Amino acid sequence: MILRLERRSQRSTLMAFLSPLLAIGLTLALGAIMFVALGFDPGKALYIYFIEPLTSAWSIEEVVVKAAPLILIGVGLAVCYTANVWNIGAEGQLTMGALVGASIPIYFPDWQSPLVLLLMLVLGIAGGALFAAIPAFLKNRFSANEILTSLMLVYVAQLLLDWLIRGAWRDPDGYNFPQSILFEGWQVIPPLGDGRVHIGAIFAVVAVIIVAFMMGRTLRGFEIRVIGTSPRAGSFAGFKGKRVVLFCFMLSGALAGLAGICEVAGPSGQLQPHVSPGYGFTAIIVAFLGRLNPIGVFFAGVLLAISYMGGEAVQVELGISDKTTQVFQGMLLFLILACDTLIRYRIRLVSPGR
Amino acid sequence: MSTSDMRPDDGSEAASGAYILEARNIVKLFGDLRANDDIDLSLKPGEIHALLGENGAGKSTLVKIIYGALQPTSGQVFWQGAPVTISNPAAARDLGIGMVFQHFSLFDALTVTQNIALALKGERDLKALAGRIETVSADYGLPLRPGALVADLSVGERQRIEVVRCLLQEPRLLILDEPTAVLTPQEADQLFVTLERLAGEGCAVLYISHRLEEVKRLCHDATILRLGRLVARVDPQQESAASLAKHMIGTDVAALRSGSGAATGAPLLELAGLSMPTDDPFGVALKSIDLVVRSGEVVAVAGVAGNGQSELFDAISGERTSKSADAVKLAGAPCGRESITQRRRRDAAFVPEERLGHAAIADLPLSENLVLTHHAVGNDVVRNGLINRGAARDVMARVAEHYDVRKNLTDPEASALSGGNLQKFVVGRELDRKPGILVVHQPTWGVDAGAAAFIRQSLVDMARSGSAVLMISQDLDEIFEIADRIAVISRGELSEAYPAAELSPERIGLLMAGTHEKAGRDAERGAEA
């Protein structure tokens, strides 16, 4: 008997829904095997990893804090990938947004006004969007592959941040640690309640709603979907591929930049050498796990946030390296892409020879 | 005809009356669809046998079974009287079955010899092969230069490569799938001579075609399929084209009502000195094209595929804009530099050649495919940048009803429709707007006779109601059926548009071969013929 993939005549709506669940199930099964191989009780390890983060108010709050940037970046990337525009550099756009936004409190440490926060957010968005416009321009003008250019620009942004933070922007009273001054007052995003959850979580929800509306109801969203599936039909419809490339890059860059400035003006409260624990890359998984659908991205963002928490938890409780987080995230992306095949194809068992 | 026998075992094995190939009770199921339902086919050596039928009649399925690309659900194939299982095309070639496909599988960037070497097993000595190619092609009247790059060759020459490739394997049975679809009448004549010569040498030929006149002229026997079943086995010499057509489609095709073709209306579409370079190395540059299409008439652009038709369509639709605004005028307004959206707003509508991937998107439902071309023109489908899905579905339903688009869901994805139904949809989508100017490219390509007649009637009705219709087509029957005037495109140059009544197919054939291009070439052509 051999397995054969047969093309379906229509996309399977059922499989489009089941595929991410199947991928999550397979990820858990492979994760269990990994824990056994490491010599741990798989049931206990998976419990600590995926369930325990949801059992205390503190850790649920922490999940929200981590889900917000993942969702913000994830919806932007979902729009890009729908248009067949491969922005891999959200991490760099996030860093650039954080850096540009943080320049205000660093250069004007004594300026206190609601305007400061507003300006920081606007600059964060602008920083991310303009930085993302670079690979878009290179693609439109020189046909440069955006996967390479956007990825390489991540390191440009990170090294620029490193250079500033160890040089001109270093806190003079910071005992030579590579970090900026601490932000305070209107330089910090106000928390919701007394925990660590801040307004950034609301931005994420608003972004999901706006992008869902744009993609589903507007001509702009339709244009993005059409260019993504069939550029030739798109040009017949009168849509301009280059305009879509620029729009998608700047939209996702703006959202990544917003996530970046929310990170430094929120939980961190200062600029440090690493703005995020790889949110910009993890958001790629969020976008795919969420079926490139804004609502799906919302749930995927929460799930991936839990995986960050779980990685820390198994490190503390079982002494397993928190690299397991990346292993889990990697397996999840790999399996979701594999399971997506089932939307268009069905598996048939056939006996050889006939 | 030459009777010289080149293959020594011919005649001895294939005694007269014995079949070289026989297929009995062939059934092929695809899910619930009976693509082949109890079909018999038999060929004698030296016979040219026609396989006739509309699109979807099951011809391709049957041929793929014989060539080993598909396995029958039940039924048996006999080769020289012995039952055989042909498990793949390589096995078919080993038996001595060769096939020339409608769509060639050639590498543009390689030479003729290299392409043929790729298809032949264990062919290492390219120099010797080039020699054999030259001998065989000269022998059979199919001149080929072994060292020529495929990219530089015409479609007719590319087909010769495929035929010569089969001949090098010394086939006992040669299958040709619609071989003349891409040929000029003169090239087709040349192919017929080759086929008759082959048959004279004892090779059996299975000839698939829609063109009944050809079949009558060339074939000794014909098997006719309809909806997967065998409907008749006839001698085409004894039949008229009309009686053959009747077998194929079951009912008589509705005669076309074309009314009076007197076009004295205002010029709605004007091309003046339209030139456009190509950035595609395999594309065709347009050279100073002039054409006027008036209100009330159908003008056809005839020509063999790949002579600039797609480029001409893109230039008129605005998918590619020209440098000069005056090169294209719609209803008198210069719009050579305008986008396709702006041109649609000037009451023009366009139907490109490719249904899927250009006119429509496979994965999108029909209602969204409607938005593709309707978003630009003033109706309720898109307002203030918002898509009104209800309105889109209503218009889609109206188009589907009026243009007889058969679908099994209310709003299926475009890929779920058959070719003919999708074509009716993409044509109906534009006609529903009642455009003043309609440009269509290959409006009935790959569509069954019933749907084709319906689409052609719609185009004629459109013109008679005062629109200007420009049809780019490679189907001469279609062109003579509905065109009031005919121009011919060849290597990016367009001839003058002549009244249809003044042109014979032979004259068009000469124009297709490029006699109008440059005066100097006329002599050259004459010498060749």
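First, a word on what this report is: a plain description of the structure on this page. Keep in mind it's a predicted model, so treat the numbers as computed, not measured.

## A short note on the overall build of chain A
- Tallying secondary structure elements over chain A gives 14 helices and two strands in all.
- Rg of the C-alpha trace for chain A: 22 Å, near the compact-globule value of 20 Å for 354 residues, within the 12% margin.
- Considering only C-alpha atoms, chain A reaches an extent of 80 × 60 × 35 Å along its principal axes.
- Counting only carbon and sulfur atoms, one obtains 69% of the accessible surface of chain A, whose full area is about 16,100 Å².
- In chain A, 24 positive and 19 negative side-chain charges are present, and the distance between their average locations comes to 23 Å.

## Description of the overall build of chain B
- If you tally the helices and strands in chain B, you get 17 helices and 23 strands.
- Looking at the 529 residues of chain B, the share that counts as buried comes to 54%.
- Of the contacts made within chain B by residues no fewer than 6 positions apart, 67% connect residues no fewer than 24 positions apart.
- When the accessible surface of chain B is split by element, carbon and sulfur atoms take 50% of a total near 22,100 Å².

## Brief notes about the sheet that holds strand β4 (residues 74–79) of chain B
Residues and elements named next belong to chain B.
- Pairing within the open sheet is antiparallel, and its four strands lie in the order β2-β1-β4-β5. Each edge of the open sheet is held by one strand with a lone partner, namely β2 (33–43) and β5 (82–84). Going from strand to strand, the sheet's axes swing by 30° on average, the running direction of each strand aside.
- Pairing of β4 with β5 involves three bridges; the strand directions are antiparallel. Within β5, the position partnered with Trp 79 by the bridge is Ala 82.
- Contacting β1 (21–30), β2 and β4, helix α1 (residues 59–66) crosses the sheet at an angle of about 60° to β2.

## Comments concerning the sheet that holds strand β3 (residues 48–52) of chain B
All names here are of chain B.
- Within the open sheet, the six strands sit side by side as β6-β7-β8-β3-β9-β10. Their pairing is mixed. Two strands bound the open sheet, and with one partner strand each, they are β6 (97–100) and β10 (229–234). With strand direction ignored, the average angle separating the axes of adjacent strands in the sheet is 20°.
- Two elements, β3 and strand β9 (residues 221–226), share four bridges in a ladder whose sense is parallel. Note that in β9 the partner of Leu 51 across the bridge is Thr 223.

## A look at the packing of aromatic side chains
- Tallied over the full model, the rule gives 18 aromatic pairs over all chains.
- Aromatic side chains Phe108(A) and Trp111(A) sit 6.1 Å apart centroid to centroid with 80° between the ring planes, which places their arrangement in the edge-to-face category.
- You can call Trp111(A) partly exposed: its relative accessible area is 33%.
- Here the basic side chain of Arg24(B) rests over the ring of Phe78(B), its NZ or CZ set 4.1 Å away from the ring centre.
- One Lys or Arg, Arg197(B), reaches over the ring of Tyr140(B) and ends 4.6 Å from the middle of that ring.

## Looking at the nonpolar core
- Of all hydrophobic cores here, the largest spans 152 residues; its most connected members are Ile73(A), Phe222(A), Leu271(A), Phe425(B) and Leu438(B).
- By residue number, the principal contributor to this core is helix α3 (residues 57–82) of chain A, which donates 14 residues.
- Mapped onto the domain boundaries, this core takes at least three residues apiece from domain 2 (253–347 + 435–529) and domain 3 (359–434) of chain B.
- In contact with Ile73(A), other than residues within four places in its own chain, are Ala90(A), Leu94(A), Ala256(A), Ala259(A), Tyr279(A), Gly280(A) and Ala283(A).
- In this structure, Leu142(B), Ala148(B), Leu168(B) and Val215(B) belong to the second largest nonpolar core, which totals 46 residues.

## Re the pairing of strand β16 (residues 348–351) of chain B
All names here are of chain B.
- Burial along β16 is two-sided: the residues Ala 348 and Phe 350 and Ala 349 and Val 351 are all buried.
- In this sheet, strand β19 (residues 437–441) lies alongside β16 in parallel orientation, the contact comprising four bridges. Across the sheet, the residue bridging to Val 351 is Val 440, located in β19.

## Some points on the pattern of salt bridges
- Enumeration according to the criterion identifies 29 salt bridges over all chains in this entry.
- With its nearest N and O atoms 2.8 Å apart, the salt bridge here joins Arg233(B) to Asp221(B). With a gap of twelve residues between them, Arg233(B) in strand β10 and Asp221(B) in strand β9 connect regions that are remote in the sequence.
- Across the salt bridge formed by Asp380(B) and Arg383(B), the nearest N and O atoms sit 2.7 Å from each other.
- Note on Arg383(B): relative accessible area 52%, which makes it exposed.
- When salt bridges that share partners are traced, they join Arg232(A), Asp314(B), Glu319(B) and Glu354(B) into one network.

## Structural notes on helix α5 (residues 114–142) of chain A
Residue and element names in this part refer to chain A.
- End to end, α5 covers 42 Å across 29 residues, agreeing with the expected 42 Å (1.5 Å per residue, within 8%).
- The opening residue of α5, the one whose side-chain oxygen lies 2.9 Å from the backbone nitrogen of Leu 115, is Ser 113.
- Where α5 terminates, the next one or two residues include Ser 143, which has phi positive at roughly 55°.

## A few points about the side chain of Gln93(A)
Residue and element names in this part refer to chain A.
- Residue position: Gln 93 is located in helix α4 (residues 90–107).
- Gln 93 sits in the buried class, given a relative accessible area of 2%.
- Look past the residues within four positions of Gln 93 in its chain and what remains in contact with it is Asn 87, Gly 128, Phe 131, Ala 132, Phe 249, Ser 252, Gly 253, Ala 256 and Gly 257.

## Some details on the environment of Leu153(B)
Residue and element names in this part refer to chain B.
- Here Leu 153 is to be found in the loop between α4 (126–139) and α5 (155–168).
- Along the backbone, Leu 153 and Ser 415 are 262 residues apart, and their C-alpha atoms lie at a distance of 33 Å.
- Non-local contacts of Leu 153, meaning those with residues more than four positions away in its chain, are made with Val 112, Arg 145, Ala 148, Arg 158 and Ile 161.

## Observations regarding the packing of α3(A) against helix α10 (residues 241–268) of chain A
Residue and element names in this part refer to chain A.
- Direction vectors running N to C along α3 and α10 enclose 170°, while the axes themselves pass 7 Å from each other. The orientation of α3 relative to α10 falls into the category roughly antiparallel. Across from Val 65, Pro 69, Leu 72, Ile 73, Val 75, Gly 76, Leu 77, Val 79 and Cys 80 in α3, the residues of α10 making contact are Cys 248, Phe 249, Leu 251, Ser 252, Leu 255, Ala 256, Leu 258, Ala 259, Glu 263 and Pro 267.
- Looking at the contact of α3 with α10, its residues break down into 16 nonpolar, two polar and one charged.

Scoring rules and cut-offs
- Residues numbered from 1 in each chain as written.
- Chains lettered and ligands numbered in written order.
- Predicted model: local features only at pLDDT ≥ 70, side-chain atom pairs only at ≥ 80, totals over all residues.
- Heavy atoms only, no water.
- Helix = DSSP H or I, 4+ residues; strand = E, 2+ residues; numbered from the N terminus.
- Rg over C-alpha atoms; globule rule 2.2 N^0.38 Å.
- Areas by Shrake-Rupley, 256 points an atom, 1.4 Å probe, with all protein chains shown as cover.
- Lys, Arg positive; Asp, Glu negative; His and termini not counted.
- Charge placed at Lys NZ, Arg CZ, Asp CG, Glu CD.
- Buried < 20%, exposed > 50% of the residue type's maximum accessible area, 1.4 Å probe, protein only.
- Contact = heavy atoms within 4.5 Å.
- Pairing = 2+ DSSP bridges.
- Axes fitted to C-alpha atoms, helices over the stretch in contact; angles between N-to-C directions.
- Phe/Tyr/Trp six-rings, centres within 6.5 Å; stacked < 30°, edge-to-face > 60°.
- Lys NZ or Arg CZ within 6 Å of the ring centre and 35° of its normal.
- Core = buried A, V, L, I, M, F, W, Y, C linked by side-chain atoms within 4.5 Å.
- Domains from an automatic or database assignment.
- Salt bridge = Lys/Arg side-chain N within 4 Å of Asp/Glu carboxyl O.
- Expected span 1.5 Å × (residues − 1).
- Polar contact = N/O pair within 3.5 Å; in protein donor to acceptor, adjacent residues only side chain to side chain.
- Parallel < 35°, antiparallel > 145°, perpendicular 65-115°, else oblique.
- Nonpolar A, V, L, I, M, F, W, Y, C, P; charged D, E, K, R; others polar.

Scope: geometric values only; no functional claims are made or implied.
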